[in-house]
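# Fold and geometry: a report
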Amino acid sequence: MTTPALLPLSGRRIPPLNLGPPSFPHHRATLRLSEKFILLLILSAFITLCFGAFFFLPDSSKHKRFDLGLEDVLIPHVDASKGAKNPGVFLIHGPDEHRHREEEERLRNKIRADHEKALEEAKEKLKKSREEIRAEIQTEKNKVVQEMKTKEKKPLPPVPIPNLIGIDGGDPEDNDIRKKREKIKEMMKHAWDNYRIYGWGHNELRPIARKGHSTNIFGSSQMGATIVDALDTLYIMGLHDEFRDGQKWIEHNLDFSVNSEVSVFEVNIRFIGGLLAAYYLSGEEIFKIKAVQLAEKLLPAFNTPTGIPWAMVNLKSGVGRNWGWASAGSSILAEFGTLHMEFVHLSYLTGDPVYYKKVMHIRKLLQKMDRPNGLYPNYLNPRTGRWGQYHTSVGGLGDSFYEYLLKAWLMSDKTDHEARKMYDDAIEAIEKHLIKKSRGGLTFIGEWKNGHLEKKMGHLACFAGGMFALGADGSRMDKAGHYLELGAEIARTCHESYDRTALKLGPESFKFDGAVEAVAVRQAEKYYILRPEVIETYWYLWRFTHDPRYRQWGWEAALAIEKYCRVSGGFSGVKDVYSSTPTHDDVQQSFFLAETLNRGSYNPNCIYVAVTHNKIFVSAVLQ
């Protein structure tokens, strides 16, 4: 299905002939070209020699290979018995020394053969004229273009679409609930219609300035993130005219062959997830085709020494890199750990195993790594395979990794026991080291930083209440009741973080320090940007318990958003939830339409979209 990433040839140019009077003898032009090839030959030989010398060095105990079943990765070896600073942290080795010696001998032979081949190719190049070289380059260009055209025309294999029950299941019998649901739908219409007028095709909307908006996670191109992200909500709410408008824009305008550096994680969850959700809901092939086109653009991000993907990738060149602020150039757990479900579905839809292999390689690597106190640190270096800073959180930087482990198990019809074991192991360590109860009796999830628990909980971590409830069934030692109760306690804590503000909307993070409980202390933590996590946990708890308090809490949050975040041009986040006269941040996030309003729809007719980020995990649940 896929072809290897190719570097563009357009930048390789042959300098034009100089037709002016020569300052050297007449044969100098030919000699200058020869000199370039000789220099290239010398440089190639030098690089090959340096690279080969590494393998000719005597065997050292400082380097060992470990086998993940898919490919070998070279990482430093630390012997915990001989004074390692962090005993047991990096003991990842292959058991067969003889096999590794044979492999190194094969590598030596390959280097020799490649070196001889390079010398022969360089000699042949020196014999050719400039015109012949130019013709060869043009032939290669034409070949690449033709291969790309042929690939684009190749149809994707047909696959059965799940029969989704309850998408159009009618109105609720309760008149009060029906009115509330219609209000949420009207809020969705207000957000969408203003985006349609003022920001169409842009990634997001500035509702006060009434113009398009974007951030660096989407790169420099206008890719219509709000359109793609909102498709499933539009369809579920029965807004089919709006859905068709989005479909037309995607079909005619959504182009991924742009020179733009994007976040692999964000583009996966919002674009690939959004497109696959729209495909499963509607059956329209264009969504599947676009999802696969984008996925192919993301594959070069996995070209790292360990197979852990870069945080960002250029959609045109395939060049990847990590965020400058991440610990020692590390990749982030919540980012490379939140690709699994979309990529598994891509392999299912295309018949191409490459997507499945990429994410399973990540899982296998993580399984072989030692974890301090059983916790997954948020940072992992994609070059060395070592953990970065020992910082663990269930909020930002870590959150959706745990969510995807659980949902991978559910998505497999509970047959992916490997994912379930990783989830259970992680949750047990989190409960032991991160989950505490405040003096006031509120259960919260702190953050582990270099052996110290920081008593701070982020809004993003509030999704965990719903996750614990969702994972209760199938938990170890028949602890379903325990985890359902734990989810309810987290829901209560997050509700308190809303209730203790002037706007009845929750801050970005809140402290549990002394007399301060469930309240933000720093000004930089007092904002609300239309996030869905608290409402999502209410929604899960309502579905599992039918306790009316969760519906009421969700409705109170919806009223607060309507009162304080609604502006004439859409909905905006606020900068201080403790101020009764808030200042707006003038951004309507795409996830507000895709997630926050989705959870508030109060659909009582079986549709159960069990997601925080992932949109394609759709199943039927009886009320």
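This is a predicted model, so every value here is computed, not measured.

Rules used throughout
Each chain has its residues counted from 1, following the order in which its sequence is written. Owing to the predicted nature of the model, reporting of local features is limited to residues with pLDDT of at least 70; listing and counting of side-chain atom pairs is limited to 80 or more, with chain, interface and lining totals taken over all residues. In computing side-chain properties, one takes all heavy atoms of the structure into account and sets aside hydrogens as well as water. By definition, disulfides here are pairs of cysteine sulfur atoms that lie within 2.5 Å. Each helix corresponds to a stretch of at least 4 residues labelled H or I by DSSP, and each strand to a stretch of at least 2 residues labelled E; elements are numbered beginning at the N terminus. The buried label goes to any residue with under 20% of its type's maximum accessible area, the exposed label to any with over 50%, and the partly exposed label to all in between, with areas taken from a 1.4 Å probe on protein chains only. Each pair of strands is called paired provided DSSP finds at least two bridges between the two strands. What a helix is expected to span follows from its residue count: subtract one and scale by 1.5 Å. The term bend refers to the angle at a residue between two fitted axes, each drawn through seven residues, those ending there and those starting there. UniProt positions are given in the numbering used here, feature names are shortened, and annotations may be inferred rather than shown by experiment. Cavities and pockets were defined on a 1 Å grid built over protein atoms only: a cavity is a set of grid points that admits a 1.4 Å probe from which the probe cannot escape, a pocket is an open set flanked by protein on both sides within 12 Å along at least five of seven lines, and lining residues are those with an atom within 4 Å of any such point. Contact between two residues is taken to exist if any of their heavy atoms lie within 4.5 Å; hydrogens are not considered. Among buried residues, those of type Ala, Val, Leu, Ile, Met, Phe, Trp, Tyr and Cys that are joined through side-chain atoms within 4.5 Å constitute a nonpolar core. Grid points are joined across faces, edges and corners, and a volume is the space filled by probe spheres set on the points. Under the grouping applied here, Gly and all other residues not named as nonpolar or charged are polar, the nonpolar ones being Ala, Val, Leu, Ile, Met, Phe, Trp, Tyr, Cys and Pro and the charged ones Asp, Glu, Lys and Arg. Comment: axis = line fitted to C-alpha atoms, over the contacting stretch for helices; angle = value between 0 and 180 degrees taken between N-to-C directions. Left-handed describes a crossing in which the near helix is turned anticlockwise from the far one by less than a right angle; the clockwise case is right-handed. Classification of ring pairs rests on two measures: the distance between centres of Phe, Tyr or Trp rings, Trp counted by its six-membered ring, which must be within 6.5 Å, and the angle between planes, read as stacked under 30 degrees, edge-to-face over 60 and tilted in between. Criterion for a charge above a ring: Arg CZ or Lys NZ at most 6 Å from the ring centre, at most 35 degrees from the ring normal. Put simply, a salt bridge is a Lys or Arg side-chain nitrogen that is within 4 Å of an Asp or Glu carboxyl oxygen.

### Things to note about the state of the cysteines
Enumeration according to the criterion identifies one disulfide in this entry. Bridging Cys462 to Cys494, the disulfide has an S-S length of 2.1 Å. The sign of the S-S torsion, about -100°, decides the handedness of the disulfide formed by Cys462 and Cys494: left-handed. A residue pair is termed long-range when its members are at least 10 positions apart, and Cys462 in the loop between strand E15 (456-458) and helix H14 (464-470) and Cys494 in helix H15 (residues 480-499) qualify at 32 residues. Residue Cys462 is classed as buried on the basis of its relative accessible area, which comes to 0%.

### Some details on the pairing of strand E17 (residues 516-519)
The pairing of strand E16 (residues 509-513) with E17 spans three bridges and is antiparallel. If you follow Phe512 over to E17, its bridge partner there is Glu517. Counting the residues between successive antiparallel strands, the hairpin from E16 to E17 contains two residues, one of them, Gly514, with a positive phi of roughly 70°.

### Some details on the environment of Pro532
By the element assignment, Pro532 lies in the loop between E17 and helix H16 (533-545). Placed 65 residues apart in sequence, Pro532 and Leu597 show a C-alpha to C-alpha distance of 8.0 Å.

### Let's talk about helix H7 (residues 264-282)
Helix length check: H7, at 19 residues, gives a terminal C-alpha distance of 25 Å against a target of 27 Å (1.5 Å per residue), a fit within 8%. The largest bend in H7 is about 25°, located at Gly273. With 18 of its 19 residues buried, H7 lies for the most part within the structure. Phi turns positive, to about 80°, at Gly283, one or two residues after H7.

### Overview of the UniProt feature "active site" (unreviewed entry) in the protein chain
Mapped onto this numbering, the UniProt entry gives "active site" (unreviewed entry) at Glu266, Asp399, Glu508 and Glu533. As for the second largest pocket, its lining draws on Glu266, Asp399, Glu508 and Glu533 from among the annotated residues. Tracing the chain through its elements places Glu266 in helix H7. Contacts of Glu266, omitting those with residues within four sequence positions, involve Ile217 and Phe271. Classification of Glu508 by relative accessible area gives buried; the value is 13%. If we ignore the near neighbours within four places in the chain, the residues touching Glu508 are Gly458, His459, Glu525, Tyr527 and Arg531.

### Observations concerning unusual backbone geometry
A positive phi angle, close to 85°, is found at Leu397, a residue other than glycine. Mapped onto the elements, Leu397 comes out in the loop between strand E10 (391-392) and helix H12 (399-411). A positive phi is found at Leu530, a non-glycine position, where the angle reads about 70°. Among the structural elements, Leu530 can be located in the loop between E17 and H16.

### A few points about the nonpolar core
Grouped together as the largest cluster of nonpolar side chains are 139 residues, with contacts concentrated most on Phe271, Met457, Phe468 and Ile561. Top element by residues in this core is H7. It accounts for 10 residues. Every residue in contact with Phe271, bar those within four places of it in the chain, is listed here: Asn203, Phe218, Met223, Gly224, Ala225, Val228, Leu254, Phe256, Glu266 and Leu294.

### As for the layout of surface pockets
Here the second largest pocket is characterised by a volume of approximately 1200 Å³. Together, 45 residues line the second largest pocket, and Glu266, Gly396, Leu460, Glu508 and Arg531 are the ones closest to its centre. Broken down by secondary-structure element, the contributors of at least two residues to the lining of the second largest pocket are H7, helix H9 (333-336), strand E13 (447-449), E15 and helix H18 (590-599). The class makeup of the residues in the lining of the second largest pocket is 17 nonpolar, 13 polar and 15 charged.

### Observations regarding the pairing of E16
Each regular strand carries side chains that alternate between the two faces of the sheet. For E16, the tally of buried residues reaches four of five residues, placing the bulk of the element in the interior. Inspection of the sheet shows E15 paired to E16 by three bridges, in the antiparallel sense. Among the inter-strand pairings, Lys456 is bridged to a residue of E16, identified as Lys511.

### Section: the packing of H12 against helix H13 (residues 417-433)
Remark: H12 packs on H13, axes separated minimally by 8 Å, with the N-to-C direction vectors making an angle of 145°. In this structure, H12 crosses over H13, and the sense of that crossing is left-handed. Here Tyr402, Leu405, Leu406, Ala408 and Trp409 of H12 lie close against H13, whose contacting residues are Ala419, Arg420, Met422, Tyr423, Ala426 and Ile430. By residue class, the composition of the contact of H12 with H13 is 10 nonpolar, no polar and one charged.

### Things to note about the packing of aromatic side chains
Inspection of every chain in the model, using the stated rule, returns 23 aromatic pairs. Residues Trp192 and Trp200 carry aromatic rings whose centres are separated by 5.6 Å and whose planes lie at 85° to one another, so their mutual orientation is edge-to-face. A relative accessible area of 1% places Trp192 in the buried class. Given a relative accessible area of 22%, Trp200 falls into the partly exposed group. Judged by centre distance (6.5 Å) and plane angle (65°), the ring pair of Tyr376 and Tyr402 falls under edge-to-face. Of the two residues, Tyr376 is situated in the loop between helix H11 (354-368) and strand E9 (379-380) and Tyr402 in helix H12; the sequence distance between them amounts to 26 residues. As far as burial versus exposure is concerned, Tyr376 and Tyr402 are alike and both buried. Every member of this aromatic cluster is reached through a ring pair, and the members are Tyr376, Trp387, Phe401 and Tyr402. Here the guanidinium or amino end of Arg420 rests over the ring plane of Trp409, the centre of that ring lying 4.5 Å away.

### Description of the sheet that holds E17
Taken in spatial order, the three strands make up an open sheet running E15-E16-E17, and their pairing is antiparallel. Since the sheet does not close on itself, it has two edges, and those belong to E15 and E17, each with one partner. Sheet twist, expressed as the mean angle between neighbouring strand axes with direction ignored, is 15°.

### As for the pattern of salt bridges
In the structure shown here, the tally under the stated rule is 34 salt bridges. Close ionic contact of Lys189 with Asp193 constitutes a salt bridge, the shortest N to O distance being 3.4 Å. In this pair, Lys189 and Asp193 both sit in helix H4 (residues 175-198), four residues apart, roughly one turn of the helix. By relative accessible area, Asp193 is classed as partly exposed at 28%. Of the charged contacts, one joins Glu562 and Arg566 as a salt bridge, the two residues approaching to 3.1 Å between their closest N and O atoms.

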